[in-house]
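Understanding the architecture of this molecule
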Amino acid sequence: MAGRRIFGVIIILAVAFAAGPVAAAGTDVFEVRDVAVDVTAKTAAEARERAIQQGQAAAFRKLLERLTLSTDHANLPHFEPAETTPYVNDFSVSDEKTSAVRYLAKLHFRFKADDIRRLLRDGGLQFAETPSKPVLVLAVFQSAGGLVLWED
């Protein structure tokens, strides 16, 4: 029984340490990934252009909401899609599909951290840019004999 507990604890620690670097690799707070776009227009080029603008505006809003308190979301500045361009550092595209009149993709935007901070400060909004650390929650049963992580 004690051997199984030690083995279980070793497995849990191994999973936690293995997940640590993976979680840390994707912690750029000023990056918004996997913004799905689906736009139809007269041409594929026009659909792509509109999709990027719509995706950029959606990513910008998502970023601002991620950084600020939910009680401040109503006070966030509203921008037209083209007005968010100065805040974008770069973007990339994945899962892109086009037809003669339709554009589908997942867009990933990276925003200029200093400009976003300045925008929020100038708006008098409180914000936090430190991502939360991962948490492992284990259910433990407490009986008269002590604590039990799991049984045989």
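Owing to the predicted nature of the structure, the values given are computational and were not obtained by experimental measurement.

Inspection of the secondary structure assignment puts Arg117 in helix α3 (residues 113–122). In this structure the side chain of Arg117 is engaged in a polar contact, spanning 2.7 Å, whose partner is the side chain of Asp114. Leaving out residues up to four positions away in the same chain, Arg117 has contacts with Phe30, Phe127 and Glu129.

So, about the pattern of salt bridges. Per the stated rule, a full pass over the model turns up 11 salt bridges. The salt bridge involving Asp95 is made with Lys106; its shortest N-O contact spans 3.9 Å. Taken together, the residues Asp95 in strand β2 (residues 88–98) and Lys106 in strand β3 (residues 102–111) connect sequence positions 11 residues apart. Of the charged contacts in the structure, one is a salt bridge between Asp115 and Arg118, with a shortest N-O distance of 2.9 Å. Separated by three residues within a single helix, Asp115 and Arg118 lie in helix α3, roughly one turn from each other. By relative accessible area, which is 23% here, Asp115 ends up partly exposed. When salt bridges that share partners are traced, they join Glu31, Arg33, Asp90 and Arg110 into one network.

About the cut-offs
Residues numbered from 1 in each chain as written. Predicted model: local features only at pLDDT ≥ 70, side-chain atom pairs only at ≥ 80, totals over all residues. Heavy atoms only, no water. Helix = DSSP H or I, 4+ residues; strand = E, 2+ residues; numbered from the N terminus. Polar contact = N/O pair within 3.5 Å; in protein donor to acceptor, adjacent residues only side chain to side chain. Contact = heavy atoms within 4.5 Å. Salt bridge = Lys/Arg side-chain N within 4 Å of Asp/Glu carboxyl O. Buried < 20%, exposed > 50% of the residue type's maximum accessible area, 1.4 Å probe, protein only.

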